[in-house]
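Observations on the model geometry
Chain by chain, the residues:
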Amino acid sequence: SSPASGYGLMSDDIFGVVPMDAAEHAAKRAAITEQLKAETGIDDAMIEHLVRTFYARIAEDEVLGPIFAEKISDWEPHLRKMFAFWSSVTLQTGVYHGRPMPAHVTLPIDARHFDRWLDLFARTARDTCPPAAAERFIERAGVIASSLEMGVATVAGVRIPPGQRYHNPEID
């Protein structure tokens, strides 16, 4: 088995990577999910509570609220997507099958919005979750925000040098 085996693949030699048996893959994913649940205390109910609380706060936020309101008129379908998303990114359940990048790259946002989103998310996670769970959510949120910020910059035709952030002069 190679390092690729951690990604749902097996290899008997460096060139012969083959798909893992579906049942074996499902069993390994379930074991990882259970381990993460045990380590963090995160479960579906906690994810739903965090997501609902966070997006209620987003809707009331003077900066982020209008951006979301422009795109989301019916919150429940979005929230259900977010339950699956956060289950996948915090517990590695694989239940989310969406593509978040296209939904974000055309928004009028930059580092300031991502920082505000992260701050609000971190405060909400700490308000609604035990410490180990909050830190798992916050760590994953940081990775996601960084990736989305890079995607937004790239679509805008901006290369972000290492250690710098994306600033959109059109939204000052």
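Model, not experiment: these values are computed from the prediction. (Residues numbered from 1 in each chain as written. Predicted model: local features only at pLDDT ≥ 70, side-chain atom pairs only at ≥ 80, totals over all residues. Heavy atoms only, no water.)

**Things to note about the overall build of the chain**
Helix and strand counts for the chain stand at seven helices and two strands. Order of helices (α) and strands (β) in the chain, N terminus to C terminus: β-β-α-α-α-α-α-α-α. For the chain, buried positions account for 39% of its 172 residues. Of the contacts formed within the chain by residues at least 6 apart in sequence, a portion of 67% connects residues at least 24 apart. (Helix = DSSP H or I, 4+ residues; strand = E, 2+ residues; numbered from the N terminus. Buried < 20%, exposed > 50% of the residue type's maximum accessible area, 1.4 Å probe, protein only. Contact = heavy atoms within 4.5 Å.)

**Some remarks on the packing of aromatic side chains**
For the structure shown, the criterion picks out twelve aromatic pairs. Pairing Phe-54 with Phe-121 gives two aromatic rings, centres 5.1 Å apart and planes at 80 degrees, and the pair type is edge-to-face. Here Phe-54, found in helix H2 (residues 44–60), pairs with Phe-121, found in helix H6 (residues 111–128); they are 67 residues apart in sequence, far enough to count as distant. Per residue, the accessibility class of Phe-54 equals that of Phe-121, and both read buried. Taken together, the ring pairs connect Phe-54, Tyr-55, Phe-68, Trp-75, Phe-85, Trp-86, Tyr-96, Trp-117, Phe-121 and Phe-137 into an aromatic cluster. (Phe/Tyr/Trp six-rings, centres within 6.5 Å; stacked < 30°, edge-to-face > 60°.)

**Digging into the layout of surface pockets**
A water-sized probe rolled over the atoms picks out the places where empty space is left. Here the largest pocket defines a volume of roughly 640 Å³. As for the largest pocket, its lining consists of 24 residues, and the residues nearest its centre are Phe-68, His-78, Ala-103, His-104 and Leu-107. Listed by contribution, the elements that provide at least two residues to the lining of the largest pocket are helix H3 (64–71), helix H4 (75–91), helix H5 (100–104), H6 and helix H7 (131–155). Residue composition of the lining of the largest pocket, by class: 18 nonpolar, three polar and three charged. (1 Å grid on protein atoms, 1.4 Å probe; cavity = no way out; pocket = protein on both sides within 12 Å on 5 of 7 lines; lining within 4 Å. Points joined across faces, edges and corners; volume = space filled by probe spheres on them. Nonpolar A, V, L, I, M, F, W, Y, C, P; charged D, E, K, R; others polar.)

**With respect to the pattern of salt bridges**
Pairing of side chains with opposite charge becomes possible as their charged atoms draw close. Here the structure, examined in full by the defined rule, presents 13 salt bridges. Residue Glu-76 is joined to Arg-80 by a salt bridge in which the shortest nitrogen-to-oxygen separation is 3.4 Å. Taken together, the residues span about one helical turn, with Glu-76 and Arg-80 both in helix H4 at a distance of four residues. For Glu-76, a relative accessible area of 29% puts it in the partly exposed group. Within the structure, one salt-bridge network assembled from shared partners comprises Glu-48, Arg-52, Glu-76 and Arg-80. (Salt bridge = Lys/Arg side-chain N within 4 Å of Asp/Glu carboxyl O.)

**Some thoughts on the nonpolar core**
Residues Val-51, Tyr-55, Ile-58, Trp-86, Trp-117, Phe-121 and Phe-137 are the most contacted members of the largest nonpolar core, which totals 42 residues. It is H7 that contributes the most residues to this core, ten residues altogether. Here Trp-86 is in contact with Ile-47, Val-51, Leu-91, Trp-117, Phe-121, Phe-137, Arg-140, Ala-141 and Ile-144, once residues within four sequence places are set aside. (Core = buried A, V, L, I, M, F, W, Y, C linked by side-chain atoms within 4.5 Å.)

**A look at unusual backbone geometry**
Non-glycine residue Gln-92 carries a positive phi angle of around 55 degrees. Of note, Gln-92 is situated in the loop between H4 and H5. Classification of Gln-92 as partly exposed rests on a relative accessible area of 36%.

**Some details on the confidence of the model for the chain**
For the chain, mean pLDDT is 90; residues scoring 70 or higher make up 88% of the total. Confidence drops under pLDDT 50 across residues 1–12; counting only partners more than four residues distant or on other chains, this segment forms 18 contacts. (pLDDT = per-residue confidence, 0-100.)

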